[in-house]
Amino acid sequence: MSPTPHEVRRAAVLLGAAVGLVGISFGVVASAAGLSLPMACAMSVFVFTGASQFAAVGVLASGGSSLAAIGSGLLLGTRHIAYGLALHRVLPLDRWRRLLAAQLLIDESTAMATAQPDPRVGTGAFWWTGASVFVCWNAGTAAGAAFGDAIGDPSTYGLDAVFPAAFLALLAPHLRGHPGRVAAALGAAIGLALVPLTPAGVPVVAASAGALLTAILVGRNDAPGASSTAPER
Amino acid sequence: MSWAALGAFAAGSYALKAAGLVVIGRRALPSGVDRVLALLPAALFGALVLISTFELDEALVVDPRVVGLLAAAVAVWRRAGFMVVIVAAATTTAAARAVW
C-alpha cells in the first residue's frame, strides 16, 4: 500500500525534527572546532549537507587547513550527482524550480522522494522533506552553536546513532523487492570495504557500482519476489 | 575558516547538487540506464547505513552505535514510525555508551 500525501507530509515533518537533533550536534561540534555562531549558521544555510559539514568541521577540529576541510566536504558531496540522476523521474520541473530544488537535494529528501511508488507523491515528498529538514537543521545548528557549552558532548545522548537509524528507515522501502535487496547489499559491501582504503566520501560514491552490478546480474522478472512485490516505481 | 573559504565550500556543494539534475534535464533515458538509476538509492543508502554505523576517522570501528542500529532495525521491522526508530536508536546508543 502506498502512503497518502498526508502521511508523506507527516513523515517529512517528523524526519525534519529528527534531523534537527543532529543539527544541534553539528552546532556544538562546529563551535568546538572554532567556527563563530554566524559562520556555523551560514554554513548550514548555504552548504546544507550534514555529512559534508561534519566532515569539513572535523578536519578543522583536528588542525587541518580550510582547503583540506573543503576538499573532504566536497568529496563527500559527490554522491549528490548520483542523487540528482536518481531523482530525474520524481522531479519533472522547470529550470527555475530545479535550481531551487538543487539546494534542497540532500540524503533525506532524495530518500523520501524515491521511496514513493507514485512519482507525484514523490515530488511532494521531496519538497516537504527538503523544506522541513532545512528549517530544523538550521534551527538546530543555531541552538547547538549558541548553547554548545551547556549541552556538552552530543554522543552522550546517542545523537551519533541518529544518522544510521534514519538511513535504515529510509532504505526499508527499497528492500521490498529482490533487486533492491541485492543492490543494497552490494552497495553496503563495497562501501564498507573501501572505508579503510580510500578518503572519506569515496566509499559512498563507489557504492553506486552496486546498482550497476545489480542491473547487470539480476534479471528483470526471474528473481524470486521481483514480480509480485514490484520494487520498481 | 575564512568567509571566502566558506563561500567556495557553499558554491562547490551547490554545483554537485545541481549537476545531476541539470545534466539529465527532462530527456527520456534508455531503459537500461533507467533501471540502474532506480536501483541507485538502494545501493547508496545501503552503504550509508553501515558506513555511518562503523566509520570513525576513516577507519572501521565497533562502538555503541551498533546497538542503536540494531534497535532501529527492530523498530523498522515492527513497522514503527520514523520518530520511534530515531528515538530507539539514540536512547539505546546512549545507554550502551554509559556502560560500554
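Nothing here was measured: the structure is a model prediction, and the numbers come from that model.

## A closer look at the overall build of chain A
Okay, step 1: The secondary structure content of chain A amounts to 13 helices and zero strands.
Okay, step 2: Written out in order from the N terminus, the α and β elements of chain A read α-α-α-α-α-α-α-α-α-α-α-α-α.
Okay, step 3: For chain A, the C-alpha radius of gyration of 18 Å lies close to 17 Å, the compact-globule estimate for 233 residues.
Okay, step 4: Each of the three principal axes of chain A carries a C-alpha extent, and together these read 55 × 40 × 35 Å.
Okay, step 5: A separation of at least 24 residues holds for 72% of the contacts in chain A among residues at least 6 apart in sequence.
Okay, step 6: As displayed, chain A has an accessible area near 9400 Å², and 69% of this comes from carbon and sulfur atoms.
Okay, step 7: Taken as two groups, the 12 positive and 10 negative side-chain charges of chain A have centres that lie 12 Å from each other.

## Some words on the packing of helix 3 (residues 65-77) of chain B against helix 4 (residues 82-99) of chain B
Residues and elements named next belong to chain B.
Okay, step 1: Where helix 3 meets helix 4, the closest approach of the two axes is 7 Å, and the angle between their N-to-C directions is 150°. One way to sum up the angle between helix 3 and helix 4 is to call them roughly antiparallel. Relative to helix 4, the crossing made by helix 3 is right-handed. Here helix 3 contributes Arg65, Val67, Gly68, Ala71, Ala72, Ala75 and Val76 to the contact with helix 4, which in turn contributes Val85, Ala88, Ala89, Thr92, Thr93, Ala96 and Arg97.
Okay, step 2: For the contact of helix 3 with helix 4, a count of residues per class yields nine nonpolar, three polar and two charged.

## Some words on the environment of A:Ser155
Okay, step 1: Its place among the elements puts A:Ser155 in the loop between helix 8 (119-151) and helix 9 (162-171).
Okay, step 2: For A:Ser155, a relative accessible area of 18% corresponds to the buried category.
Okay, step 3: Distance in space between the C-alpha atoms of A:Ser155 and A:Ser25 is 8.2 Å, their sequence separation being 130 residues.
Okay, step 4: Not counting residues within four places of it along the chain, the set of residues in contact with A:Ser155 comprises A:Asp160 and B:Arg97.
Okay, step 5: Among the polar contacts made by the side chain of A:Ser155, one reaches the side chain of A:Asp153 at a distance of 3.0 Å.

## Overview of helix 2 (residues 31-54) of chain B
Residues and elements named next belong to chain B.
Okay, step 1: For helix 2, built from 24 residues, the straight-helix expectation of 34 Å at 1.5 Å per residue is met to within 8% by its first-to-last C-alpha distance of 35 Å.
Okay, step 2: The largest bend along helix 2 measures about 35° and falls at leucine 39, with the proline proline 41 one to four residues further on.
Okay, step 3: Summarising burial for helix 2: 20 of the 24 residues are buried, a large majority.

## Side note on the confidence of the model for chain B
Residue and element names in this part refer to chain B.
Okay, step 1: Mean pLDDT over chain B works out to 89, with 95% of the residues at or above the 70 mark.
Okay, step 2: Within chain B, helix 2 has the poorest average pLDDT of any element, 86, and helix 3 the best, 96.
Okay, step 3: For this predicted complex, the interface score ipTM comes out at 0.86, alongside a pTM of 0.76.

## Overview of the nonpolar core
Okay, step 1: By size, the foremost hydrophobic cluster in this structure holds 90 residues, and its most contacted members are A:Met43, A:Leu87, A:Phe126 and B:Phe82.
Okay, step 2: Counting residues per element, this core draws most heavily on helix 2 of chain B, which supplies 13 residues.
Okay, step 3: Those residues in contact with A:Met43 that sit more than four places away from it in its chain are A:Phe26, A:Leu35, A:Phe48, A:Gln53, A:Val57, B:Met1, B:Leu6 and B:Phe9.

## A few points about the state of the cysteines
Okay, step 1: Scanning the entire structure with this criterion turns up zero disulfides over all chains.
Okay, step 2: Cysteine A:Cys41 remains unbridged, with the sulfur of A:Cys136 as its closest cysteine sulfur at 14 Å.

## Describing the pattern of salt bridges
Okay, step 1: Tallying each qualifying case throughout the model produces four salt bridges over all chains.
Okay, step 2: Between A:Arg120 and A:Asp118 there is a salt bridge, with its nearest N and O atoms 3.7 Å apart.
Okay, step 3: Overall, the relative accessible area of 70% leaves A:Arg120 in the exposed class.
Okay, step 4: We note a salt bridge from B:Arg97 to A:Asp160, for which the minimum N-O separation is 2.6 Å. Here A:Asp160 lies in the loop between helix 8 and helix 9 and B:Arg97 lies in helix 4, a pairing that spans two chains.

## Some remarks on the packing of helix 1 (residues 5-32) of chain A against helix 4 of chain B
Relative placement of two packed helices is described by the angle separating their axes and the distance separating the axes.
Okay, step 1: Following both chains from N to C, one finds helix 1 of chain A and helix 4 of chain B inclined at 20°, their axes separated by 9 Å at the closest point. With respect to each other, helix 1 of chain A and helix 4 of chain B are oriented roughly parallel. By crossing handedness, the relation of helix 1 of chain A to helix 4 of chain B is classed as right-handed. Seen from helix 1 of chain A, the contacting residues are A:Leu14, A:Leu15, A:Ala17 and A:Ala18; seen from helix 4 of chain B, they are B:Phe82, B:Met83 and B:Ile86.
Okay, step 2: In terms of residue class, the contact of helix 1 of chain A with helix 4 of chain B is made up of seven nonpolar, no polar and no charged.

## Details of the interface of chain A and chain B
Put simply, an interface is often sized by how much accessible area is lost when its parts join up.
Okay, step 1: Tallying the contact residues gives 95 residues for chain A and 61 residues for chain B.
Okay, step 2: Across the chain A/chain B interface, buried area totals approximately 6700 Å², and carbon plus sulfur atoms make up 76% of it.
Okay, step 3: Counting across the interface, chain A meets chain B through one salt bridge.
Okay, step 4: The element that contributes the greatest number of residues to the side of chain A that touches chain B is helix 9 of chain A, accounting for ten residues.
Okay, step 5: In the side of chain A that touches chain B, the residues fall into 62 nonpolar, 24 polar and nine charged.

Thresholds, definitions, all that
Residues numbered from 1 in each chain as written. Chains lettered and ligands numbered in written order. Predicted model: local features only at pLDDT ≥ 70, side-chain atom pairs only at ≥ 80, totals over all residues. Heavy atoms only, no water. Helix = DSSP H or I, 4+ residues; strand = E, 2+ residues; numbered from the N terminus. Rg over C-alpha atoms; globule rule 2.2 N^0.38 Å. Contact = heavy atoms within 4.5 Å. Areas by Shrake-Rupley, 256 points an atom, 1.4 Å probe, with all protein chains shown as cover. Lys, Arg positive; Asp, Glu negative; His and termini not counted. Charge placed at Lys NZ, Arg CZ, Asp CG, Glu CD. Axes fitted to C-alpha atoms, helices over the stretch in contact; angles between N-to-C directions. Parallel < 35°, antiparallel > 145°, perpendicular 65-115°, else oblique. Left-handed = near helix turned anticlockwise from the far one by under 90°. Nonpolar A, V, L, I, M, F, W, Y, C, P; charged D, E, K, R; others polar. Buried < 20%, exposed > 50% of the residue type's maximum accessible area, 1.4 Å probe, protein only. Polar contact = N/O pair within 3.5 Å; in protein donor to acceptor, adjacent residues only side chain to side chain. Expected span 1.5 Å × (residues − 1). Bend = angle between axes of the 7 residues up to and from the residue. pLDDT = per-residue confidence, 0-100. Core = buried A, V, L, I, M, F, W, Y, C linked by side-chain atoms within 4.5 Å. Disulfide = S-S within 2.5 Å. Salt bridge = Lys/Arg side-chain N within 4 Å of Asp/Glu carboxyl O. Buried area = accessible area lost by both parts, 1.4 Å probe.

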